[in-house]
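# Per-entry structural report
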Amino acid sequence: MKALAIQALPFAGIAALTLNPVLTPVLAADYRPAMKSSEGSLNARFLALGVGKSIVIDLPRDVKDVLVADPKIANAVVRSAQRAYIIGAAVGQTNIIFFDASGQQIAAYDIAVKRDLNGLRAALKQTLPNADIRVEGLGEGVMLSGSVASPIEAQQAADLAARLVGKPDAVVNGISVRGRDQVMLKVVVAEVQRDIVKQLGVNLSGSLGYGTAVVNFNNTNPFTAGSGALVSDNKVQAKFGNSVTATLRAMENAGVIRTLAEPNLTAISGESANFLAGGEFPVPTIPTCNNGICTQNVTFKKFGISLGFTPIVMNAGRISLRIATEVSELSQEGAYTAVTSLGPTTIPSLKTRRADTTLEIPSGGSMVMAGLIKQQTKQAINGLPGAAQLPILGTLFRSRDFVNNNTELMILVTPYIVRAVAQKDLSRPDDGFTSASDPQSDLLGSINRIYGAPGRRLPPGQTYRGTYGFIID
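If you're wondering where the values come from, they're calculated on a predicted model, not measured in any experiment.

### Quick notes on the overall build of the protein chain
- The secondary structure content of the protein chain amounts to five helices and 26 strands.
- Residues classed as buried in the protein chain amount to 32% of the 473 residues present.
- Across the protein chain, every contact between residues at least 6 apart in sequence was considered, and the portion connecting residues at least 24 apart equals 63%.
- A total accessible area of about 29,800 Å² is found for the protein chain, and carbon and sulfur atoms account for 55% of it.

In structure tokens:
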């Protein structure tokens, strides 16, 4: 017991020795039991300090002895008989007990030394004046709690705390976002392709004889601009005498392809959402063989209309969008025929329009995220050398093939900050759908009677005549 008392003497601090320089070491048996509360614990007050901060304690009686559990965390300095200074040295927890001359406990304090966070609180208040952020010390780190208006403000608060603390890993971000915004993204993919093909050619065949000499000739002019994909079958033949035949081939083809896709998708600010309307087609891979038995493997590739985006609502109603959209369809152009264990297999190709970018747009604003204008012209003239260059008559010895392809593509995006609405205010594509009766189907060729939302009131000032809805037969 004496050894314990001598070892505990330095923890009493230099301040206790300054009160009585000739104070003899106090044995543990000389201390009377400390005062306890009704719950059986020391009647100690909790005291929070910052590192390098101090507090003044006024005591009701003269201090004779001071017990500091861990002077490396906090220390007590006694300058007068009834006044002490407690100084925080390092982050941690300890306790300090004051005794009078008779060994009775005067006061006890549970000390929690934390980081000084007043500077961080002031910086957060100045940077984010409308936010409700609470800062608490958590060991060597900092814990942020409270609420902000957007995820951007929560991230700004965490970055600022990490910079001031000096340890990014020591910041625990427990900030919640008040009423997280939901963003609906409307994407319009519009494409128009116009193709024009013109073909005109003359083929000559026959034989010419002079005496016993006979000359056979055959002049067939191909169409090469269309890579053989389009060949005219329109023919007009004429015979000159019994030996010369002229065949006129001509064609004019004009076609338009229109593609329109409007995927809509809604997601919470800061979260990702994906949408796919299409399917998957099988693609054979290298077969696996085991003990002479081979198994054909198949993988599936997606196609159709896909949309993926991540919205972040910023200040002043602006929205930052990370968007990836794609419209693909199966095509026989560029298809590949592979020989597999199941026999010859034709793998179709994909015609794809894809865009991936990041934009910043206000709610309700629109922006063209991608666009394409493509013009392709091919023209080829084939004929008999020399004769094809003759004016007017050279037309009989040549063919002309002209191909013109025009493509216009536009991808338009419009984000909206949306709120939930009542179900009665929404319309579905199948509202009002009714199958046609047998007499209507047999006599009038109708498939359905009504397709739309009958009985819905129109906005003021808007009137429509005739049948209207989603689909009109």
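### Describing the sheet that holds strand β4 (residues 74–80)
- The three strands are arranged β2-β5-β4 in an open sheet whose pairing can be described as antiparallel. Bordering the open sheet on either side are β2 (54–58) and β4, each of which pairs with just one other strand. With strand direction ignored, the average angle separating the axes of adjacent strands in the sheet is 25 degrees.
- With six bridges joining them, β4 and strand β5 (residues 83–88) adopt antiparallel strand pairing.

### So, the packing of aromatic side chains
- Across all of its chains, the model carries two aromatic pairs by this definition.
- Plain terms: the ring middles of Phe-98 and Tyr-109 are 6.3 Å apart, the flat faces sit at 85 degrees to each other, and that makes the pair edge-to-face. Taken as a pair, Phe-98 in strand β6 (residues 92–99) and Tyr-109 in strand β7 (residues 105–114) lie far apart in primary sequence, 11 residues in all.
- A relative accessible area of 6% means that Tyr-109 is categorised as buried.
- Consider the rings of Phe-281 and Phe-303, whose centres lie 6.1 Å apart with planes at 55 degrees: the pair is tilted. Taken together, the positions of Phe-281 in strand β17 (residues 273–284) and Phe-303 in strand β20 (residues 298–313) put the pair 22 residues apart, joining distant regions of the chain.

### Regarding a nonpolar patch on the surface
- Together, Leu-138, Met-143 and Val-172 line one region of the surface with nonpolar side chains, adding up to about 240 Å² of accessible area.
- Its place among the elements puts Val-172 in strand β10 (residues 171–173).

### Section: the pairing of strand β14 (residues 235–240)
- Counting buried residues along β14, only zero of its six residues qualify, which leaves the element largely exposed.
- In this sheet, strand β15 (residues 244–261) lies alongside β14 in antiparallel orientation, the contact comprising six bridges. Within β15, the position partnered with Lys-239 by the bridge is Thr-245.
- The loop that links β14 with its antiparallel partner β15 comprises three residues; one of these, Gly-241, has a positive phi angle of about 70 degrees.

### Comments concerning the confidence of the model for the protein chain
- Per-residue pLDDT for the protein chain averages 79, and the proportion of residues at 70 or more is 84%.
- Helix α1 (residues 2–8) is the least confidently modelled element of the protein chain, averaging 35 in pLDDT, while strand β16 (residues 264–268) averages 92, the highest of any element.
- pLDDT under 50 marks residues 1–41. Its contacts with residues more than four places away, or in other chains, come to 40 contacts.

### With respect to the sheet that holds strand β1 (residues 45–50)
- Reading across from one edge, β1-β7-β6-β3 is the order of the four strands in this open sheet, with mixed pairing throughout. Strands with a single pairing partner mark the edges of an open sheet, and in this sheet they are β1 and β3 (65–68). Strand-to-strand twist across the sheet, computed as the mean angle between neighbouring axes with direction ignored, equals 25 degrees.
- The pairing of β6 with β7 spans eight bridges and is classified as antiparallel. When the bridges of β7 are listed, Gln-93 appears paired with Ala-112.

### Describing the pairing of β16
- Side-chain alternation along β16 places Leu-265 and Ala-267 on a buried face and Asn-264, Thr-266 and Ile-268 on a face that remains uncovered.
- As judged from the five bridges shared by strand β12 (residues 182–210) and β16, these two strands associate in the antiparallel manner. Paired with Leu-185 across the two strands is Leu-265, which belongs to β16.

### Describing helix α3 (residues 118–127)
- Within α3, burial applies to Leu-120, Ala-123 and Leu-124. Buried residues in α3, looked at end-on, bunch into an arc of 95 degrees, giving them a common side. Summarising the geometry of α3, the exposed residues directed more than 90 degrees from the buried face are Asn-118, Lys-125 and Gln-126.
- Along its buried surface, α3 packs onto β8 (132–138), β9 (141–148) and α4 (151–165).

### Here we look at the side chain of Asn-219
- Turning to its location among the elements, Asn-219 is positioned in strand β13 (residues 213–219).
- Residue Asn-219 is classed as buried on the basis of its relative accessible area, which comes to 13%.

### Looking at the nonpolar core
- Counting 22 residues, the largest nonpolar core has Leu-185, Phe-309, Ile-323 and Val-413 as the members making the most contacts within it.
- Of all elements in the fold, only β12, β16, β20, β21 (318–340), β22 (343–362) and β24 (398–418) reach the threshold of two or more residues within this core.
- Not counting chain neighbours up to four residues away, the residues in contact with Leu-185 comprise Pro-263, Asn-264, Leu-265, Leu-307, Phe-309, Leu-321, Ile-323, Val-413, Thr-414 and Pro-415.

### As for the packing of α3 against α4
- One way to put it is that α3 packs onto α4 with a least axis distance of 10 Å and a crossing angle of 145 degrees. The crossing of α3 and α4 is right-handed. Along the contact surface, α3 presents Gly-119, Leu-120, Ala-123, Leu-124 and Thr-127, while α4 presents Ala-157, Leu-160, Ala-161 and Leu-164.
- Tallied by class, residues from the contact of α3 with α4 come to seven nonpolar, two polar and no charged.

What counts as what
- Residues numbered from 1 in each chain as written.
- Predicted model: local features only at pLDDT ≥ 70, side-chain atom pairs only at ≥ 80, totals over all residues.
- Heavy atoms only, no water.
- Helix = DSSP H or I, 4+ residues; strand = E, 2+ residues; numbered from the N terminus.
- Buried < 20%, exposed > 50% of the residue type's maximum accessible area, 1.4 Å probe, protein only.
- Contact = heavy atoms within 4.5 Å.
- Areas by Shrake-Rupley, 256 points an atom, 1.4 Å probe, with all protein chains shown as cover.
- Pairing = 2+ DSSP bridges.
- Axes fitted to C-alpha atoms, helices over the stretch in contact; angles between N-to-C directions.
- Phe/Tyr/Trp six-rings, centres within 6.5 Å; stacked < 30°, edge-to-face > 60°.
- Patch = residues over 30% accessible without salt bridge, like charges linked within 9 Å, V, L, I, M, F, W, Y side chains within 5 Å.
- Salt bridge = Lys/Arg side-chain N within 4 Å of Asp/Glu carboxyl O.
- pLDDT = per-residue confidence, 0-100.
- Arc of directions from axis to C-beta.
- Core = buried A, V, L, I, M, F, W, Y, C linked by side-chain atoms within 4.5 Å.
- Left-handed = near helix turned anticlockwise from the far one by under 90°.
- Nonpolar A, V, L, I, M, F, W, Y, C, P; charged D, E, K, R; others polar.

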